[in-house]
Amino acid sequence: MSSEVPAQYRRVLSGMRPTGNLHLGHYHGVLKNWLELQQEYKCYFFVADWHALTTHYDNPSIIADSTLNMVIDWLAAGVDHGLADLFIQSSIPEHAELHLLLSMMTPLGWLERVPSYKDQQERLKEKDLATYGFLGYPLLQSADILMYKAGLVPVGADQVAHVELTREVARRFNHLYGGEPDFEEKAEIAIKKMGKKNAKMFNKLRNAYQENGDQEALAVARALLEAQQNITVGDKERLFGYLEGSGRVILPEPKALLTKASKMPGLDGQKMSKSYGNTIALRDKVEDVEKKLRTMPTDPARVRLTDVGDPAKCPVWQFHEVYSNEEVCEWVQNGCKTACIGCLDCKAPVIEAVLRELKPMQERAAEYTQQPDLVRSIINEGTEKARDVAKETLDEVKEAMSMKLL
Ligand code: TRP
Ligand code: SF4
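Attention here is on the structure that accompanies the text. Note on numbering: residues in each chain are counted from 1, in written sequence order. Here the convention is simple: chains get letters from A, ligands get numbers from 1, in the order in which they are written. Reporting of local features is limited, given that this is a predicted model, to residues whose pLDDT is at least 70; pairs of side-chain atoms are given and counted only at 80 or more, and all residues count toward the totals for whole chains, interfaces and linings. Here the side-chain values reflect all heavy atoms present in the structure, with hydrogen atoms and water set aside.

Time to look at the nonpolar core. In this description, a nonpolar core means a group of buried Ala, Val, Leu, Ile, Met, Phe, Trp, Tyr and Cys residues linked to one another through side-chain atoms lying within 4.5 Å. Burial classes: relative accessible area under 20% of the type maximum marks a residue as buried, over 50% as exposed, and values in between as partly exposed (1.4 Å probe, protein chains only). Formed by 54 residues in total, the largest nonpolar core has its most connected members in L31, W74, I280, L293, F319 and V354. Each domain's extent is set by a domain assignment, obtained either automatically or from a database. Taken domain by domain, the makeup of this core includes at least three residues from each of domain 1 (7-178 + 256-262 + 372-400) and domain 3 (283-369). Here I280 is in contact with H23, L24, L267, M272, V289, K292, L293, F319, V354 and L358, once residues within four sequence places are set aside. Counting 42 residues, the second largest nonpolar core, distinct from the first, contains Y44, L135, L165 and A400. In this description, contact between two residues means that some pair of their heavy atoms is separated by no more than 4.5 Å.

Glancing now at the site of ligand 1. Here a residue is considered near a molecule or strand provided that any single heavy atom belonging to it is located within 4 Å of it. In the vicinity of ligand 1, 13 residues are found, and the nearest of them are R17, F46, Q141, D144 and Q159. The contact in question runs from a nitrogen atom of ligand 1 to an N or O atom on the side chain of H51, over 3.5 Å. Q141 places a side-chain nitrogen or oxygen 3.0 Å from a nitrogen atom of ligand 1. The accessible surface values rely on the Shrake-Rupley method and a 1.4 Å probe; as for residues, cover is taken only from the protein chains in view. Compared with its free state, where it exposes 360 Å², ligand 1 has 89% of that area covered by protein. Broken down by secondary-structure element, the contributors of at least two residues to the shell around ligand 1 are β1 (11-16) and α7 (132-147). Secondary structure elements follow DSSP: runs of H or I of four or more residues count as helices, runs of E of two or more count as strands, with numbering from the N terminus. Per element, the largest residue contribution to the shell around ligand 1 is four residues, and it comes from α7. Residue classes in the shell around ligand 1 are distributed as six nonpolar, five polar and two charged. In protein, a polar contact requires one atom able to donate a hydrogen and another able to accept it; more generally it is a pair of N or O atoms within 3.5 Å, and residues adjacent in sequence count only if both atoms are side-chain atoms. Nonpolar residues are Ala, Val, Leu, Ile, Met, Phe, Trp, Tyr, Cys and Pro. Charged residues are Asp, Glu, Lys and Arg, and all others, Gly as well, are polar.

Let us now look at helix α8 (residues 160-177). Think of an α-helix as turning once every 3.6 residues; residues three or four places apart then point the same way. The span one expects for a helix is its residue count, reduced by one, times 1.5 Å. With 18 residues, α8 should cover 26 Å at 1.5 Å per step; its first-to-last C-alpha distance of 26 Å lies within 8% of that length. Inspection of α8 places H162, V163, L165, T166, V169, A170, F173 and N174 among the buried residues, and these make up the whole buried set. The buried residues of α8 occupy an angular sector of 165° when the element is viewed end-on, so they sit on one face. The reported arc concerns the directions from the helix axis to the C-beta atoms and nothing else.

Turning next to the pattern of salt bridges. The working definition used for a salt bridge is a side-chain nitrogen of Lys or Arg within 4 Å of a carboxyl oxygen of Asp or Glu. Enumeration according to the criterion identifies 25 salt bridges in this entry. For R238, the salt bridge is made with D235, and the minimal N-O distance between the two is 2.9 Å. In this pair, R238 and D235 are both assigned in helix α12 (residues 233-244), three residues apart and thus about one turn of the helix distant. We note a salt bridge from R294 to E290, for which the minimum N-O separation is 3.8 Å. Taken together, the positions of R294 and E290, both in helix α13 (residues 286-294) and four residues apart, correspond to about one turn of that helix. On the accessibility criterion, E290 (27% relative accessible area) is partly exposed. Three or more residues are tied together by salt bridges with common partners; here these are E180, D182, K186, K193, D235 and R238.

When β1 meets strand β2 (residues 42-47), the two strands line up parallel, connected through six bridges. Pairing of L13 across the sheet is with Y44, part of β2. A strand pair is defined by DSSP finding two or more bridges across the two strands.

What counts as a ring pair is set by centres within 6.5 Å for rings of Phe, Tyr and Trp (its six-membered ring), and what kind of pair is set by the plane angle: stacked under 30 degrees, edge-to-face over 60, tilted for all other angles. Enumeration over the complete set of coordinates arrives at nine aromatic pairs. Here the aromatic rings of F87 and Y148 are separated by 5.6 Å at their centres, their planes lie at 45°, and the arrangement is tilted. Residue F87 is located in strand β3 (residues 84-88), and its partner Y148 is located in the loop between α7 and β4 (152-155); the two are separated by 61 residues in the primary sequence. Residue Y148 is classed as buried on the basis of its relative accessible area, which comes to 0%. One aromatic cluster is present, formed by Y44, F46, F87 and Y148 through successive ring pairs. Charge-over-ring placement is defined geometrically: NZ (Lys) or CZ (Arg) within 6 Å of the ring centre, and within 35 degrees of the ring normal. Directly above the aromatic system of Y44 lies the positively charged group of K42, at a separation of 5.4 Å from the ring centroid. Over the face of the ring belonging to W110 we find R172, whose NZ or CZ atom lies 5.9 Å from the ring centre.

The following block contains the structure:
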């Protein structure tokens, strides 16, 4: 995968809202994906507490209560703070400043048209989400992403529109503020700084892209630029823009990395989600996990042991699809359709597999819970590193917007 992603896209950013305990849906849908990404890319994973506030402003204590536990669950699941920087959004106030600056140039219509704005208002009728903060929250997300010049943003289908908005915002920003009166001249000087051979190659590739739309030439030219050690960040931005026929690329456009829809069902067969009350939390006690699974509904046709059933109509089967091997799956199919096994027999391997999955996570979580100072220092370290990047970007943004005073 990594070889197809241009170097400037090698940063991954993702955030999660702290609004309660993490459950198996988060583990299978998000965290397992993070574990893979951290091996390949520079990753920034953050607790999106300001995002949580846009929907939980009337009950913010749950945000503070969930934050530390959420990071503990990330670590317990295998997120490696040596590979990824972990931080809390509100500890980096630069996110707020970038959000504010971007808000000046973002047309209202762009935000009103983001589908989640109307959808969530419909879905969460009991909350008043006709707020300034809620309308602006996709732009806050854009600020999160652009702050780290992230190329890849792993998101579920519901968040793709937010990455799309981010791309439009970046394009508009570069268009408005990436221009310079002597842009072409500066770009030509920068090309020369690459040395004769590289300069010649760059010009050839640029022509091939601009005259014939040669995408491969574009990719090669980008890689060439990325590899240059002797030119400044500013010159690189100029040349990325010059290459594509635009002004300086100060904020690069990110790509959404669509996460496969999680197959993890809830206890009732719907998607696992706290709002449906059908979750198994990563920290649920063994007895509670057993009880939840033992009492979860099965194919309603199986009233008595002798009634045949159909796994296709049973949420337990969906758990087998996640956890069981072929042999067990076959045993379930035959046993259910011929009424040879009871539903409790059928659930036994699922209960065992879920407990086996949770056990090491819970052990690690218990260790971290006993050392809150260690967790805090991990977060502080991640925050410091992330903040350095954030300051650098904000500095460039302010400079471009003529807001770097004195
Ligand atoms: N909005 C995301 C959610 O509700 C969380 C989030 C905030 C995020 N900022 C982000 C995700 C940046 C990816 C990138 O789940
Ligand atoms: Fe569901 Fe298994 Fe019972 Fe069939 S035997 S109804 S698949 S729990």
